[in-house]
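The primary structure of each chain is shown beneath.
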Protein chains: 2
Amino acid sequence: MSADVSREKFKASLTRRGLRITSQRLAIFAAAFARKEHFTAESLLKHAKAIDASVSRATVYRTLPLMTESQVLREVDIGSGEKFYLPATDMNTQVAQVICVDCHRIFEISAPFMEWYGSTVSLKLGLKPISQRLQVSAQCSAFRQQGRCPNHEGK
Amino acid sequence: MSADVSREKFKASLTRRGLRITSQRLAIFAAAFARKEHFTAESLLKHAKAIDASVSRATVYRTLPLMTESQVLREVDIGSGEKFYLPATDMNTQVAQVICVDCHRIFEISAPFMEWYGSTVSLKLGLKPISQRLQVSAQCSAFRQQGRCPNHEGK
DNA sequence: CTGCCTGCAAACTCTTTGCACGAAT
DNA sequence: ATTCGTGCAAAGAGTTTGCAGGCAG
């Protein structure tokens, strides 16, 4: 799903809900889709401010749920205190995360069986599955041995 | 793994690390193993205080990592702000959680394939897997229809 | 008497919210 | 006008930490 398609999707979602398309919301959207890796609310604020200086922290936090609800952003909680986000694509609904404990990067991996598994097990409990997430913590052997992670390039 | 075995494991771990076996630490341990469901730091504090009134919040928060590191407790983060804990057993290292969004209960389910999957995918990235977790959010159809969850009995 | 442990309270991090002003319809 | 959106600053939740005193070895 391209950024353009997502932007239209986001706008449509706002309109449908009677919300307004403001410059701040568009700046936050643009900042989010310019990121190449998972990002936090705080880093999103920084980048959004570079696009539109009037963007405030409060608006970022208020806009993030709007974007996840309209399915243009996906929220990833790795249990580290702060939440991460990344642009949603058609391809990454059934994904798991591999989190490198050394370089803290988050890798998205395809996990096609996940949905089936979640459904199977939920139904056994009489529950209706909504979503599932698989997260793998892993360490970088190269980093441990050489003090340098080949995947590492900041975050 | 029985509570007695775990208690010895916990004590041995403390001793091995040159830490002391104090009444507060034992009270926190006892409170944790008396719980029947997942518990939070705050509820653990309450129960530990009932056993030993001198237990403070700080000590609970300082003891929880000691217990998870010595493998007598397992930490479960469902991305809800606060962390949950439960006694570790031999059987629940390869488990997933099904979280009911209606009654907020957490069900532990066996997921034997998980370890294999985590390994496979980590190794593909050149990483060494440490742990994996699968979490399924689900809703209770009964609750939605009858306003009452058959699984519900407080938390 | 040295070093681990403790409770207390303050600090901290991330996120949410009340408020009054401003902008869009 | 009315409703929605905003920034600011304060509040909030959960957790961590500095400190001075206490207790074990």
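This one's a predicted model, so the numbers in the text were calculated from it and none came from an experiment. (Residues numbered from 1 in each chain as written. Chains lettered and ligands numbered in written order. Predicted model: local features only at pLDDT ≥ 70, side-chain atom pairs only at ≥ 80, totals over all residues. Heavy atoms only, no water.)

### Some details on the domain arrangement of chain A
Residue and element names in this part refer to chain A. Its domain assignment divides chain A into domain 1 (3-87) and domain 2 (93-146). Across the boundary between the two partners, domain 1 contributes eight residues, which contact eight residues of domain 2. Of all residues in domain 1, H38, R74 and I78 give up the largest surface area on contact with domain 2, accounting jointly for 58% of the area buried on that side. Linking domain 1 with domain 2 are two salt bridges. Between E108 and R74 there is a salt bridge, and its shortest N-O distance comes to 2.6 Å. Run the count over domain 1 and domain 2 and you get four residue pairs in polar contact (both at pLDDT 80 or more). (Domains from an automatic or database assignment. Contact = heavy atoms within 4.5 Å. Buried area = accessible area lost by both parts, 1.4 Å probe. Salt bridge = Lys/Arg side-chain N within 4 Å of Asp/Glu carboxyl O. Polar contact = N/O pair within 3.5 Å; in protein donor to acceptor, adjacent residues only side chain to side chain.)

### Overview of the packing of helix α2 (residues 23-34) of chain A against helix α4 (residues 57-69) of chain A
Residues and elements named next belong to chain A. Contact geometry of α2 with α4 gives a least axis separation of 10 Å together with a crossing angle of 70°. Classified by the angle their axes make, α2 and α4 are roughly perpendicular. For the pair α2 and α4, contact is made by Q24, R25, I28, F29 and A32 and by T59, V60, T63, L66 and M67, respectively. (Axes fitted to C-alpha atoms, helices over the stretch in contact; angles between N-to-C directions. Helix = DSSP H or I, 4+ residues; strand = E, 2+ residues; numbered from the N terminus. Parallel < 35°, antiparallel > 145°, perpendicular 65-115°, else oblique.)

### Side note on the protein's contact with DNA strand C
Around DNA strand C, the structure places 20 residues, and the nearest of them are Y61 of chain A together with R20, S54, S56 and T59 of chain B. The share of sugar and phosphate among atoms of DNA strand C within 4 Å of the protein is 68%. One of the side-chain N or O atoms of E82 of chain A is found 3.4 Å from a phosphate oxygen in DNA strand C. Breaking the surface near DNA strand C down by element, the ones donating at least two residues are α4 of chain A together with α2 (23-34) and α4 (57-69) of chain B. The leading source of residues in the surface near DNA strand C is α4 of chain A, at four residues. Grouping the amino acids of the surface near DNA strand C by side-chain chemistry returns six nonpolar, six polar and eight charged. (Near = heavy atom within 4 Å. Nonpolar A, V, L, I, M, F, W, Y, C, P; charged D, E, K, R; others polar.)

### Topic: the protein's contact with DNA strand D
Neighbouring residues of DNA strand D: 20 residues in total, closest T22, S54, S56 and T59 of chain A together with Y61 of chain B. Y61 of chain B is positioned such that a nitrogen or oxygen atom in its side chain is 2.6 Å from a phosphate oxygen of DNA strand D. Those elements giving two or more residues to the surface near DNA strand D turn out to be α2 and α4 of chain A together with α4 of chain B. Among the elements that make up the surface near DNA strand D, the one with the highest residue count is α4 of chain B (four residues). Residues belonging to the surface near DNA strand D are distributed by class as follows: six nonpolar, six polar and eight charged.

### A word on the relation of the copies chain A and chain B
The transformation that overlays chain A on chain B combines an axial shift of 0.0 Å with a rotation of 179°, and the residual RMSD is 0.1 Å. Taken together, the turn and the small shift mark the pair as related by a two-fold rotation axis. For chain A, the minimum C-alpha distance to the rotation axis belongs to L134 of chain A and amounts to 2.1 Å. A share of 100% of interface residues in chain A that are also interface residues in chain B marks the association as one of identical surfaces. (Least-squares fit on C-alpha atoms with pLDDT ≥ 70 in both.)

### Examining the nonpolar core
Core analysis: the biggest nonpolar cluster contains 30 residues, and V98, L127 and L134 of chain A together with V98, L127 and L134 of chain B have the highest contact counts within it. Of all the elements in the fold, those that place two or more residues in this core are β4 (95-100), β5 (106-110), α5 (114-124) and β6 (127-140) of chain A together with β4 (95-100), β5 (106-110), α5 (114-124) and β6 (127-140) of chain B. (Core = buried A, V, L, I, M, F, W, Y, C linked by side-chain atoms within 4.5 Å. Buried < 20%, exposed > 50% of the residue type's maximum accessible area, 1.4 Å probe, protein only.)

### Brief notes about the pairing of β6 of chain A
Bridge count for β4 of chain A against β6 of chain A is five bridges, and the pairing is parallel. In the sheet register, A96 of chain A faces β6 of chain A, and the bridge partner there is L134 of chain A. Note that β6 of chain A and β6 of chain B share 13 bridges and pair antiparallel. From the neighbouring strand, Q135 of chain A faces β6 of chain B, where its bridge partner is R133 of chain B. (Pairing = 2+ DSSP bridges.)

### Let's talk about α4 of chain A
Residue and element names in this part refer to chain A. The first and last C-alpha atoms of α4 sit 19 Å apart over 13 residues, in line with the 18 Å expected at 1.5 Å per residue. Listed as buried for α4 are V60, T63, L64, L66 and M67. In this fold, the buried residues of α4 make contact with α1 (3-16), α2, α3 (41-51), β2 (73-76) and β3 (84-87). Among the residues trailing α4, Q71 stands out with phi positive, at a value near 70°. (Expected span 1.5 Å × (residues − 1).)

### Looking at the packing of helix α3 (residues 41-51) of chain B against α4 of chain B
Residues and elements named next belong to chain B. With their axes 10 Å apart at the nearest point, α3 and α4 run at an angle of 110° to one another. It follows from the interaxial angle that α3 and α4 lie roughly perpendicular. Judged by the twist between their axes, the crossing of α3 over α4 is right-handed. Where α3 abuts α4, its residues A41, E42, L44 and L45 lie against R57, V60, Y61, L64 and M67. Of the residues contributing to the contact of α3 with α4, the split by class is seven nonpolar, no polar and two charged. (Left-handed = near helix turned anticlockwise from the far one by under 90°.)

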